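A look at the structure
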Amino acid sequence: WLKPWWLQALRWRVPDVGRATSRVYLTPRSRPSYRASSKKGAAVMAATTIMLRCVPKRYTAWDLVSELERFAVRMLFDFVYVPWDKNSVTNMSYAFVNFCDRSVASCVAERMSGVPWLGSRSGQVIQTKVAHVQGLALNLQRFRAQVASKGGVVAAHAPLVFERGVYVPWDA
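Residues numbered from 1 in each chain as written. Predicted model: local features only at pLDDT ≥ 70, side-chain atom pairs only at ≥ 80, totals over all residues. Heavy atoms only, no water.

Structural notes on the environment of Leu76
Within the element layout of this structure, Leu76 appears in the loop between helix H3 (61-68) and strand S4 (77-81). On the basis of relative accessibility, which here comes to 30%, the residue Leu76 falls in the partly exposed class. Here Leu76 is in contact with Phe99, Cys100 and Val104, once residues within four sequence places are set aside. (Helix = DSSP H or I, 4+ residues; strand = E, 2+ residues; numbered from the N terminus. Buried < 20%, exposed > 50% of the residue type's maximum accessible area, 1.4 Å probe, protein only. Contact = heavy atoms within 4.5 Å.)

What to know about the packing of aromatic side chains
Inspection of the entire model under this criterion finds nine aromatic pairs. When the ring of Phe79 is compared with that of Tyr81, the centres are 6.4 Å apart and the planes differ by 50°; the resulting orientation is tilted. On the accessibility criterion, Phe79 (1% relative accessible area) is buried. Seen in terms of ring centroids, Phe162 and Tyr167 are 6.3 Å apart; in terms of plane orientation they differ by 70°. Their pairing is edge-to-face. Under the relative-accessibility criterion, Tyr167 is labelled partly exposed at 38%. Taken together through their ring pairs, the aromatic side chains of Trp62, Phe77, Phe99, Phe162 and Tyr167 make up a single cluster. (Phe/Tyr/Trp six-rings, centres within 6.5 Å; stacked < 30°, edge-to-face > 60°.)

Structure below.
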């Protein structure tokens with residue numbers, strides 16, 4: 001049987017069974033994506049910290065800063081962290097960037113998503129996602145807790161903190 005127009009407009013689905021039923025299920029025809037990697041998701045993203053995935057294994061935080069400067073000036077972000085594997089000489093293939101404004105984070109995430117990394121020989125593309133920890137203060141607090149539990153950090157693997165585009169030591 002044909003579904004009434006108001007059920008189609010509201011994206012409600014009535015199960016197609018041989019007998020009449022009073023149950024109506026809400027199932028969206030296309031699920032909205034809240035990930036920053038999709039164009040629709042980046043527009044509705046309300047976060048300042050994004051996670052970058054598929055980072056080339058040899059990238060340092062400063063390499064990531066030069067990559068970010070292709071999409072935004074340094075004054076627009078204040079935290080860059082590339083976690084390193086403690087048992088090897090490579091990073092963990094993801095990074096965190098905190099922007100000063102939500103709209104800037106959304107715009108940069110949308111522009112970066114799907115673009116190839118400059119240092120990638122394998123043709124990997126940038127993947128963006130909303131980070132679980134949001135904001136400069138909470139990101140620094142989480143990093144300090146990790147350093148305290150591990151007993152120290154190599155200075156080259158520490159996060160980079162910027163104030164109006166100027167580097168400041170993270171423990172200052």
